[in-house]
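# Summary of the model geometry
The chain contents come next:
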Amino acid sequence: MKITVIGTGYVGLVSGVCFANIGHKVVCVDKSFEKISILSKGEVPIYEPDLKEVLQKVLRDDKISFTNNLKDAIAESDAIFIAVGTPQGEDGSADLSYVLSAAKEIAEFSNCQKLIITKSTVPAGTGSKIKELLKKINPNVNFLIASNPEFLREGCAVNDFMNPDRIVIGCEDEESKKILGKIYEYFDLERIFYTDIITAELIKYASNSFLATKIAFINEIADLCESTGANIKHLSKALGKDSRIGEKFLNPGPGFGGSCFPKDILSILNIAKENKVELSLISSVINSNQNRYQKMVGKILRALDFKHNNKTIGLLGLSFKANTDDIRYSPAIKIAKELATKNVVVKAHDFEAIENSKYELKDFDNIKFYHDVYQAIENVDLIVIATEWNKYIEIDFSRIKQLTKCRKIVDLRNIFDEKYVKDNGFEYVFIGSKESKDSNIQSNLQKV
Ligand code: UGA
């Protein structure tokens, strides 16, 4: 089938490339000339495992092209996916201006029936808004509308697209269902879930909110483990063995970040407010996550025995999670900023996110950046793991011992085995590890 994808951000680019990979003829449209030029050459402007390889393959197979010209792109397409950004508006609601402006342009340039599908995360009711807009601008064309929210995760987006748990399709007429069925015929039928448009739109928000709730829950239970001495790793494993709960998204950490959960959870709250529905649970999740990074800073300062003025820490990880260069709402970045304002010298390392972080943290003279993990650790007073890059697990402890006198690791992602770290001669503080009840430390805690 001939498909147009509008927007070459994470969702648009991965979807476009993967649609081409399953055999469709795809045109990706973006307003940025620079992006189109980079992508046309087979280069990818973001770090996303496998994406570059698949892009280069579909370019060679002549299955994909990139353009700034929306009019030409939609002329012959069977389906047009809108995958532009829906940033957070000032009141927390999703800003639909890019989505509506894409719809407006489609209406202006169309002269025969078109199926328009939203892939962007949009509030419930957006499908109807788009339909109205299209009709108003171009009443002569029959526009079909559908919703097909995306569930891919940054860092494993290509794999998620090619191996989906489910494909949600919201549509309200047989023609749209037929076209979308054809677009997704590569996948097992039982993976495809048809529903109406408004439900599809809300499924996306409900999924992200549920996952965010799961994380906030396990983070709070980890706090309880810290006080009681219970073992968070065992607890979370046993919890996940219950098939009604499931093992995934039960890793405690410095709080959820990224471009989706923090934004979508506020947006669903806004949708609820507009519909005069109270989502008190979701409000609590936001509260629970909001100041979690400060708790992490407290943990780091306690590990430094509160003598933190001009102390140096090696901060390993800056991206909001592993396998991405994305630092949007990254807890690691918030922690770096907070420590820097408390006169801690931060030697920061990441495998992919240094360039993005340099810009974000440019105002802090006491944050230095290192591409080499051992240089970031040299002569530090404390090592902190802030992002769960797998390669940190392979760190050579004997080499660390040669580079620094520091024998303490604060692991905000629980990537290490406790015994392994201790056997290597390091004190190990992790999320859920029992906190000292020392009265001196407790009284100092009040001062932070
Ligand atoms: C999330 C969803 O998982 C995707 O299904 C969805 O398509 C995407 O948002 C979106 O709406 O576009 P993503 O933001 O890429 O994907 O990242 P996740 O892997 O979900 O992680 C989100 C945050 O939760 C990260 O900060 C991560 O470190 C944290 N997390 C995740 C935990 O703290 N513990 C866990 O057990 C899992």
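Residues numbered from 1 in each chain as written. Predicted model: local features only at pLDDT ≥ 70, side-chain atom pairs only at ≥ 80, totals over all residues. Heavy atoms only, no water.

### Quick look at helix α14 (residues 331-341)
It helps to recall that an α-helix has 3.6 residues per turn; residues three or four apart then point in one direction. Burial analysis of α14 places 8 of its 11 residues in the buried class, the great majority of the element. Three or more residues of α14 are buried, namely P331, A332, I333, I335, A336, E338, L339 and A340. (Buried < 20%, exposed > 50% of the residue type's maximum accessible area, 1.4 Å probe, protein only. Helix = DSSP H or I, 4+ residues; strand = E, 2+ residues; numbered from the N terminus.)

### Remarks on helix α3 (residues 51-60)
Of all the residues in α3, the buried ones are L51, V54, L55 and V58. The buried residues of α3 occupy an angular sector of 105° when projected down its axis, which confines them to one face. Turned more than 90 degrees from where α3 packs its buried face, E53 and R60 sit exposed. Within two residues after α3, D62 carries a phi angle of roughly 60°, on the positive side. (Arc of directions from axis to C-beta.)

### A short note on the side chain of S15
Along the chain, the position of S15 falls in helix α1 (residues 10-21). In this structure S15 comes out as buried when scored by relative accessible area, which is 0%. Each residue touching S15, except ones within four places of it in the same chain, is listed here: K119, E150 and F161. (Contact = heavy atoms within 4.5 Å.)

### Examining the site of the ligand
For the ligand, the set of nearby residues contains 19 residues, the closest of which are F151, L152, E154, K204 and R413. A distance of 2.9 Å separates a nitrogen atom of the ligand from a polar backbone atom of N251. Between the ligand and R413 there is a distance of 2.8 Å, counted from an oxygen atom to a side-chain nitrogen or oxygen. Within the complex, 92% of the 720 Å² of free accessible area of the ligand lies under protein. Listing elements by their share of the shell around the ligand, those giving two or more residues are α9 (197-228) and α11 (261-274). Considering every element that reaches the shell around the ligand, the biggest residue donor is α9, with 3 residues. Of the residues belonging to the shell around the ligand, the class tally is 9 nonpolar, 3 polar and 7 charged. (Near = heavy atom within 4 Å. Polar contact = N/O pair within 3.5 Å; in protein donor to acceptor, adjacent residues only side chain to side chain. Areas by Shrake-Rupley, 256 points an atom, 1.4 Å probe, with all protein chains shown as cover. Nonpolar A, V, L, I, M, F, W, Y, C, P; charged D, E, K, R; others polar.)

### Looking at unusual backbone geometry
With a phi close to 55°, K276 is a non-glycine residue in the positive phi region. Along the chain, the position of K276 falls in the loop between α11 and α12 (280-290). Assessed through its relative accessible area of 78%, K276 is described here as exposed. Phi is positive for Y329, close to 50°, though the residue is something other than glycine.

### Details of the nonpolar core
The biggest cluster of nonpolar side chains holds 61 residues, and the ones touching the most others in it are I313, L316 and L339. Setting aside residues no more than four positions away along its own chain, L339 makes contact with V297, I300, L301, I313, V344 and V346. In this structure, A20, L144, V158 and I169 belong to the second largest nonpolar core, which totals 41 residues. (Core = buried A, V, L, I, M, F, W, Y, C linked by side-chain atoms within 4.5 Å.)

### Quick notes on the pattern of salt bridges
Once the charged atoms of two side chains with opposite charge are near each other, the side chains can pair. Per the counting criterion, the structure on display carries 25 salt bridges. A salt bridge links K241 to E247, with the shortest nitrogen-to-oxygen separation between them at 3.0 Å. With a shortest N-O distance of 3.7 Å, K408 and E427 are connected by a salt bridge. Taken as a pair, K408 in strand β13 (residues 408-411) and E427 in strand β14 (residues 427-430) lie far apart in primary sequence, 19 residues in all. Judged by relative accessible area, which is 44%, E427 ranks as partly exposed. One salt-bridge network, held together by shared partners, links E154, D326 and R328. (Salt bridge = Lys/Arg side-chain N within 4 Å of Asp/Glu carboxyl O.)

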